[in-house]
Amino acid sequence: MSDTEDHSDIGTHRLNAPKQTLEDAYAEPDNCLEIDVINPETHDLGKKRFTDYEVKMKTNLPIFKKRETSVRRRYSDFEWLKSELERTSKIVVPPLPGKALKRQLPFRSDDGIYEEGFIEERRSGLEGFINKIAGHPLAQNEKCLHMFLCDPILDKKYVPGKIR
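- If you look the protein up in an unreviewed UniProt entry, it shows as Sorting nexin-3 from Trichoplax adhaerens.
- Turning to the protein, the UniProt record has this under Sequence similarities (unreviewed entry): "Belongs to the sorting nexin family."
- Note on the protein: under the UniProt heading Function (unreviewed entry), the record states "Required for retention of late Golgi membrane proteins. Component of the retrieval machinery that functions by direct interaction with the cytosolic tails of certain TGN membrane proteins during the sorting/budding process at the prevacuolar compartment. Binds phosphatidylinositol 3-phosphate (PtdIns(P3))."

Structure (structure tokens):
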């Protein structure tokens, strides 16, 4: 090359990428993980009263054996998952929505932790929590997360480990 040649167009031409079809644009993404916490139900068993939530998962991530699951979980189950992840993994676990201890005091004029507004606020917080956890690549390898999302009954005496 001589010093008089023009190099102004080198590296500035467009790449010829294939056109995206409508099917491609609206197809399920390669890595999809959706978790919804929905359908809260309050159960009244004599002196025992509690609310549980449906946790629905839909994914195409190969680490999960099942593509779709639906389990019911109580707030205490979310607490169990949080403590297991803190104990067995190296990830920073986000906080759960608060325990609302003041709402559990007797002689309240409202329904306390069983009030619709509170249940919805807690449901939303639990959904945010589980999505942050499940979206973390290191957490996706934890046996306790898979149990939480997929097993109808949690075996809290399980042996911690990694999913491979």
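### As for the overall build of the protein
Move 1: A tally of helices and strands in the protein yields four helices and three strands.
Move 2: Mapped in sequence order, the helices and strands of the protein form the string α-β-β-β-α-α-α.
Move 3: Put simply, the protein has 164 residues, and 35% of those count as buried.
Move 4: Sequence separation of at least 24 residues holds for 53% of the intrachain contacts in the protein that already meet a minimum separation of 6.
Move 5: Taken as a whole, the protein presents about 11,600 Å² of accessible surface, with 51% of it coming from carbon and sulfur.

### Considerations on the confidence of the model for the protein
Move 1: Looking at the protein as a whole, the pLDDT averages 83, with 80% of positions reaching at least 70.
Move 2: The lowest-confidence element of the protein is helix α1 (residues 22-25), averaging 71 in pLDDT; the highest-confidence one is strand β3 (residues 68-74), averaging 97.

### Quick word on the side chain of D52
Move 1: Note that D52 resides in strand β2 (residues 48-59).
Move 2: A distance of 2.9 Å separates the side chain of D52 from the side chain of R72, its partner in a polar contact.
Move 3: Those residues in contact with D52 that sit more than four places away from it in its chain are N39, P40, E41, H43, R72, R73 and R74.

### Here's the deal with helix α2 (residues 75-88)
Residue pairs three or four apart in sequence face the same way in an α-helix, which turns once every 3.6 residues.
Move 1: With 14 residues, α2 ought to run about 20 Å at 1.5 Å a step, and its terminal C-alpha atoms sit 20 Å apart, in line with that.
Move 2: Taken together, the buried positions of α2 are occupied by Y75, D77, F78, W80, L81, K82, E84 and L85.
Move 3: Each element contacted by the buried residues of α2 is listed here: β1 (33-45), β2, β3, α3 (116-134) and α4 (143-150).

### So, the packing of α3 against α4
Move 1: Close contact between α3 and α4 brings their axes to 11 Å; oriented N to C, the two are set at 135°. By the criterion of interaxial angle, the relationship of α3 to α4 is oblique. The handedness of the crossing between α3 and α4 comes out as left-handed. Contacts between α3 and α4 involve I130, I133 and A134 from the first element and L145, F148 and L149 from the second.

### Quick word on the packing of aromatic side chains
Move 1: Taken as a whole and judged by the stated rule, the model has three aromatic pairs.
Move 2: Ring geometry for F78 and F148: centres 4.9 Å apart, planes at 70°, overall edge-to-face. With F78 in helix α2 and F148 in helix α4, this pair connects stretches of sequence that are 70 residues apart. For the pair formed by F78 and F148, the shared burial category is buried.

### A few points about the pairing of β1
Move 1: In this sheet, β2 lies alongside β1 in antiparallel orientation, the contact comprising eleven bridges. Along β2, the bridge assignment pairs H43 with F50.
Move 2: Count of turn residues in the β1/β2 antiparallel hairpin: two residues, of which G46 carries a positive phi of about 65°.

### Things to note about the pattern of salt bridges
Move 1: Tallied over the entire structure, the rule returns seven salt bridges.
Move 2: Here K162 makes a salt bridge to E142, at a shortest N to O gap of 2.3 Å. Of this pair, K162 sits in the segment after α4 while E142 sits in the loop between α3 and α4, and the two are 20 residues apart along the sequence.
Move 3: Judged by its relative accessible area of 41%, K162 falls in the partly exposed class.
Move 4: One network of salt bridges, in which partners are shared, links E120, R123 and E127.

About the criteria used
- Residues numbered from 1 in each chain as written.
- Predicted model: local features only at pLDDT ≥ 70, side-chain atom pairs only at ≥ 80, totals over all residues.
- Heavy atoms only, no water.
- UniProt positions renumbered as here; feature names shortened; annotations may be inferred.
- Helix = DSSP H or I, 4+ residues; strand = E, 2+ residues; numbered from the N terminus.
- Buried < 20%, exposed > 50% of the residue type's maximum accessible area, 1.4 Å probe, protein only.
- Contact = heavy atoms within 4.5 Å.
- Areas by Shrake-Rupley, 256 points an atom, 1.4 Å probe, with all protein chains shown as cover.
- pLDDT = per-residue confidence, 0-100.
- Polar contact = N/O pair within 3.5 Å; in protein donor to acceptor, adjacent residues only side chain to side chain.
- Expected span 1.5 Å × (residues − 1).
- Axes fitted to C-alpha atoms, helices over the stretch in contact; angles between N-to-C directions.
- Parallel < 35°, antiparallel > 145°, perpendicular 65-115°, else oblique.
- Left-handed = near helix turned anticlockwise from the far one by under 90°.
- Phe/Tyr/Trp six-rings, centres within 6.5 Å; stacked < 30°, edge-to-face > 60°.
- Pairing = 2+ DSSP bridges.
- Salt bridge = Lys/Arg side-chain N within 4 Å of Asp/Glu carboxyl O.

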